[in-house]
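Each chain, letter by letter, is given below.
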Amino acid sequence: MMPLIYAHRGSSARYAEHTRAAYLQAIADGADGVECDLQLSADGQLVLLHDETVDRTSSGSGPLAKRTLAQLRELDFCSWKGAAVPPEYGSVRAQLLTLEALLDILSGAGRRIGLAIEFKYAVPQALRDRAAAGDRSLEDRSLEDRTLQVLRARGWRPEDSTAGNVLVSFMSFNPDSMLHLAASVPGRSLCALMEDTAIKDAVGENVSMEEAGAAGGAGDAAPPQWLSTMAAGERLVEDGVTGLAGPGMAYVRAHPERVRRWADAGVGLRIWTVNDGQDARFCLSLGVGELTTDAPAELRASLTR
């Protein structure tokens, strides 16, 4: 059975990620859904961007959170990719997208299409350390609340999580984000993201995050907040708070038995970022139903060969 294929930040292998061109291409590529990262601009607008700064993906530099939407629209977010954008996909200045603009694009798809929204936070390290130590006074859920406000204005209904032809789901590595949304959004529309990454222990050997946690988190690159966050995400899935699990490909390779158990239990599995046919077939052998990829047309073609 063919899995659902979601375009990671649009068809980002073809055009610059999160741009108008990337999402229009994803629709043309026949993607079943698209994924995006959301952050707040300085003036509280929901903009699509993965990084905390605009350095990597634009002609500018500095923190996204310190620029207004108008200032962001002065930047070139597509030329760094080196792919010429056809005129029908809009001008250079039209490539930066807000959530509202993406919803407009998806509304014109002419078919049902999924939208997987990941919440991103630009939080200074000092505040992250305090939060990891249990200081809940720093929590700010305005990003999630603003997103729900925009979606409701577009006719979004939590019962089926649809806005017209767009089926919306919400994702985060932050378990508190998922718990906050669970108060008003059914679990089947929530996805706990998790990652298993090799890190260096005190003697410089690569170890898994679980091994580092068992060893007390020693090492120059062993962030204890990641260990606790991954475990918290797993608990959200195990406890049924989220009906979707979103492990990265490295996690799937490291924990195939757990992934298969979740699939057998009816948990929806959305794996990222799958650009290789061999990885895709391994996921399917475990019962995975959704794959997120930079190249949706190419991945679908590799699975039908």
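Residues numbered from 1 in each chain as written. Predicted model: local features only at pLDDT ≥ 70, side-chain atom pairs only at ≥ 80, totals over all residues. Heavy atoms only, no water.

Student: Any details on the pairing of strand S6 (residues 166-172)? Residues and values, ideally.
Tutor: Within a regular strand, the side chains alternate between the two sheet faces. For S6, a buried count of six out of seven residues is recorded, marking the element as mostly surrounded by other parts of the structure. In this sheet, S6 lies alongside strand S4 (residues 113-119) in parallel orientation, the contact comprising six bridges. Looking at the pairing, isoleucine 113 lines up with valine 166 of S6. Direction of pairing for strand S5 (residues 162-163) relative to S6: antiparallel, over a ladder of two bridges. Paired with threonine 162 across the two strands is leucine 167, which belongs to S6. Taking the residues between adjacent antiparallel strands as the criterion, S5 and S6 are bridged by two residues, where glycine 164 takes a positive phi near 65 degrees. The pairing of S6 with strand S7 (residues 190-194) spans three bridges and is classified as parallel. In the strand pairing of S7, methionine 171 is matched with cysteine 191. Following the chain from S6 across helix H6 (residues 175-182) to the adjacent parallel S7, one finds a crossover that is right-handed. (Buried < 20%, exposed > 50% of the residue type's maximum accessible area, 1.4 Å probe, protein only. Helix = DSSP H or I, 4+ residues; strand = E, 2+ residues; numbered from the N terminus. Pairing = 2+ DSSP bridges. Right-handed = clockwise from strand over helix to strand, strands pointing away.)

Any functional reading would require information beyond the geometric quantities listed.
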